[in-house]
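Each chain, letter by letter, is given below.
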Amino acid sequence: MKKFMSVALTSLLAGVLISCGTPDNTDVVPEASGSIANEASLADAGETENSAEEAEGEAAFHIGIVTGSYSQSEDDRRGAEAFQNKYGEDMVTLAIYPDNFTEELDTTVQIIVGLADDPDMKAIIVNQAVDGTTEAFRQIKEKRPDILCIAGEAYEDFSDIGEVADLVVNYDFISRGYLMVRTAHELGCDTFVHVSFPRHLSYESVSRQVAIMKAACEEFGMNFAMEEAPDPTTEVGVPGAQSYILENAPKWVSKYGQKSAYFCTNDAHTEPLIKSLMENGGYFIEADLPSPLMGYPGALDLDLTGASGDFEQITKTVEDAVVAAGGSGRFGTWTYSYGYAVSAGLAEHARNVILGDSKLGSISDLSKAYGVFSPGVEWNGSGYSDSETGEKWDNIFLIYQDTYIFGNPGRYMGTTGIEVPQEYFTIK
């Protein structure tokens, strides 16, 4: 089994990585875990001004990145733009799948597959890899097997997308299901509230995370509750879903109390949930795909235009606003956007592989690529195995970042150094 290493190559974890979706009847079986620190000095994050000039003299090739829109997944899009800004529009092509991708499946597939019409295209990254990505990758491989197909946050079953994708990287829904509840307990919460809707709950990763959260609440003597909110991909759209959260979150706090912590599975729900909890009480440990940009700027009416890509400054600005609004010790995040790092990091890794500077299945090389866009961040995770078949996937990885709670001062919770009890990896 390969191991996930820091950019400094000082710590290892077993390697082989959805917000929404893994294969049915499968378990993540941990084989090893460890802290992953991306050192800024090795990541060369300060060299983002190197654009198309950096590619001069290299063989011509193009990389495509497909993400959701700003309204659905802004960080994913920003990460794609950061990579394009670094290497230039001549090398990097960006595309957006429909907000209502569940109803526009054919359009989603066409958008992804369409990138393969470019004869110089050598890699296509989809983040988040929504429904239709597996079919799109299958069609691409049929006509262009030379193109690297890489999925960030696969919604579809690992057993399906893992067969056609060259690489899949998802957040560690197993470990985080336990760690978010543990963090809420450490902050003094007595209730953990899960907010979602039927489509997300039908994904095996989400349903298993619910089961893990329930078990963790029992371990820590907390209550577990579930609330349903509208799916933004249905006819209500993003505005309707967000209005519902604004209207009902105060009722939830009244129902469950000031010591209740909330988690929602959809990005569009995050901003109104943070805004309401900031005003009415309650805790928010971190978003489904955490980032200081996920929900906080809109909820706190912040203008972060001048800080684009500077996550140290972004985090400080958000923290100051959280403290000023009375949210100290109640709200958390990952200090580097996961969605941002996935879009840019996977594209960076693909570029290095194409140039022959990295190996596709090398976890240390993947970590270095992530480090370019998340310097100094500590990661952890585990390898993915199918518990039913015993198959170990060497192209699928589950990862997570340490949780930071805003305050004066704020603090990291040390989640990457906590050993998740073995029994949580087999809960279904």
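Since this is a predicted model, take the numbers as computed values, not measurements.

Caption draft 1: Region of interest: the sheet that holds strand 12 (residues 283-284). Spatially, four strands are ordered 10-9-11-12 in an open sheet, and the strand pairing comes out parallel. Strands with a single pairing partner mark the edges of an open sheet, and in this sheet they are strand 10 (223-228) and strand 12. Across five bridges, strand 9 (residues 191-196) lies against strand 11 (residues 260-264) in parallel orientation. Bridging across to strand 11, Thr191 finds its partner in Ser260. Contacts between helix 8 (residues 204-219) and the sheet are confined to strand 9, strand 10 and strand 11, with strand 10 contributing the most and set at about 150° to the helix. Each of strand 9, strand 10 and strand 11 is contacted by helix 9 (residues 237-256), which is oriented at about 155° to strand 10, the strand it contacts most.

Caption draft 2: Inspection of the sheet that holds strand 16 (residues 404-405) at higher detail. The three strands are arranged 13-16-17 in an open sheet whose pairing can be described as antiparallel. Every interior strand has two partners, whereas the edge strands, strand 13 (332-333) and strand 17 (411-412), have only one. Two elements, strand 13 and strand 16, share two bridges in a ladder whose sense is antiparallel. Each residue of the ladder has a partner; that of Gly332, found in strand 16, is Ile405.

Caption draft 3: Representation of helix 3 (residues 105-114) in the model. For helix 3, every residue scored as buried is listed here: Thr108, Val109, Ile112 and Val113. Viewed along the axis of helix 3, the buried residues span an arc of 120°, placing them on a single side of the element. Exposed residues pointing more than 90 degrees away from the buried face of helix 3 are listed as Asp106 and Gln110. As for helix 3, its buried residues are in contact with strand 4 (62-67), strand 6 (121-129) and helix 4 (133-143).

Caption draft 4: Region of interest: the side chain of Gln401. In this fold, Gln401 is placed in strand 15 (residues 392-401). Given the relative accessible area of 2%, Gln401 is considered buried. Here the side chain of Gln401 touches Tyr336 through a polar contact of 3.2 Å, landing on its backbone oxygen. Sequence-distant contacts of Gln401, defined by excluding residues within four places in its chain, comprise Trp334, Thr335, Tyr336, Val377, Glu378, Trp379, Thr415 and Thr416.

Caption draft 5: How the structure looks around the packing of helix 6 (residues 173-186) against helix 8. Relative to each other, helix 6 and helix 8 sit at 35°, their axes nearing to 8 Å. In this structure, helix 6 crosses over helix 8, and the sense of that crossing is right-handed. When helix 6 is examined against helix 8, the residues Phe173, Ile174, Arg176, Gly177, Tyr178, Met180 and Val181 are found in contact with a partner set consisting of Ser205, Arg208, Gln209, Ile212, Met213, Ala216, Cys217 and Glu219. Per-class residue counts for the contact of helix 6 with helix 8 are nine nonpolar, three polar and three charged.

Caption draft 6: Fine view of helix 14 (residues 363-373). Counting buried residues in helix 14 gives ten out of eleven residues, a clear majority hidden from the surface. Within the span of helix 14, buried status applies to Ile363, Ser364, Asp365, Leu366, Ser367, Ala369, Tyr370, Gly371, Val372 and Phe373.

Caption draft 7: Seen up close, unusual backbone geometry. Here Asn127 and Gln128 are connected by a cis peptide whose omega angle stands at 0°. Here the amide bond leading from Asn408 into Pro409 is cis, since omega sits at 5°, within 30 degrees of zero. Within the fold, Pro409 resides in the loop between strand 16 and strand 17. Residue Glu153 is not a glycine yet carries a positive backbone phi of 55°. You can see Glu153 is positioned in strand 7 (residues 148-154). A positive phi angle is found at Asp301, which is not glycine, with a value near 55°. Tracing the chain through its elements places Asp301 in the loop between helix 11 (296-300) and helix 12 (311-324). For Asp301, a relative accessible area of 71% corresponds to the exposed category.

Caption draft 8: Up close: the packing of aromatic side chains. Under the defined criterion, the tally for this structure stands at 18 aromatic pairs. Put simply, the rings of Phe284, Tyr296, Phe331, Tyr404, Phe406 and Tyr412 touch in pairs and so form one group of aromatic residues.

Caption draft 9: Molecular detail of the state of the cysteines. Per the counting criterion, the structure on display carries zero disulfides. In this model Cys217 remains outside any disulfide bridge; the closest cysteine sulfur is found in Cys189, 10.0 Å from its own.

Caption draft 10: Broad picture of the pattern of salt bridges. Under the criterion given, the structure shown has 17 salt bridges. The salt bridge partner of Glu74 is Arg78, with a shortest N-O separation of 3.3 Å. Note that Glu74 and Arg78 are positioned in helix 2 (residues 70-87) at a spacing of four residues, about one turn of the helix. We classify Glu74 as partly exposed; its relative accessible area is 29%. A salt bridge links Asp117 to Lys143, with the shortest nitrogen-to-oxygen separation between them at 3.0 Å. Of this pair, Asp117 sits in the loop between helix 3 and strand 6 while Lys143 is found in helix 4, placing the two residues 26 residues apart along the sequence. The partly exposed category is assigned to Lys143, whose relative accessible area is 42%.

The rules we used
Going along each chain's sequence as written, the residues are numbered from 1 onward. It should be noted that, the model being predicted, local features are given only for residues of pLDDT at least 70 and side-chain atom pairs only at 80 or more, the latter also being counted only at that level, while totals for whole chains, interfaces and linings use all residues. Processing note: side-chain calculations cover all non-hydrogen atoms of the structure and skip hydrogens and water entirely. Two strands pair under a simple rule: DSSP has to find at least two bridges between them. Every helix listed is a DSSP run of H or I at least four residues long, and every strand listed is a run of E at least two residues long, numbered separately from the N terminus. Two residues qualify as a contact provided that any one of their heavy atoms is within 4.5 Å of a heavy atom in the partner residue. Whenever a helix is involved, its axis is fitted only over the stretch in contact; in every case the axis is a line through C-alpha atoms, and angles between N-to-C directions fall within 0 to 180 degrees. Relative accessibility decides the category of a residue: with a 1.4 Å probe and only protein chains considered, values under 20% of the type maximum give buried, values over 50% give exposed, and everything between is partly exposed. This arc describes the spread of directions from the helix axis toward the C-beta atoms. Think of a polar contact as two N or O atoms within 3.5 Å of one another; within protein, one of them needs to be a possible hydrogen donor and the other a possible acceptor, and neighboring residues in sequence only count if both atoms come from side chains. Put simply, a crossing is left-handed when the front helix is turned counterclockwise from the back one by less than a right angle, and right-handed when it is turned clockwise. Throughout this entry, Asp, Glu, Lys and Arg are counted as charged residues, while Ala, Val, Leu, Ile, Met, Phe, Trp, Tyr, Cys and Pro are counted as nonpolar. The remaining residues, Gly among them, count as polar. Each Phe, Tyr or Trp ring (for Trp, its six-membered ring) is paired with any other whose centre lies within 6.5 Å, and the angle between the two planes then decides the class: stacked below 30 degrees, edge-to-face above 60, tilted in between. Cysteine sulfur atoms that pair up within 2.5 Å are treated as a disulfide. A carboxyl oxygen of Asp or Glu within 4 Å of a side-chain nitrogen of Lys or Arg is what we treat as a salt bridge.

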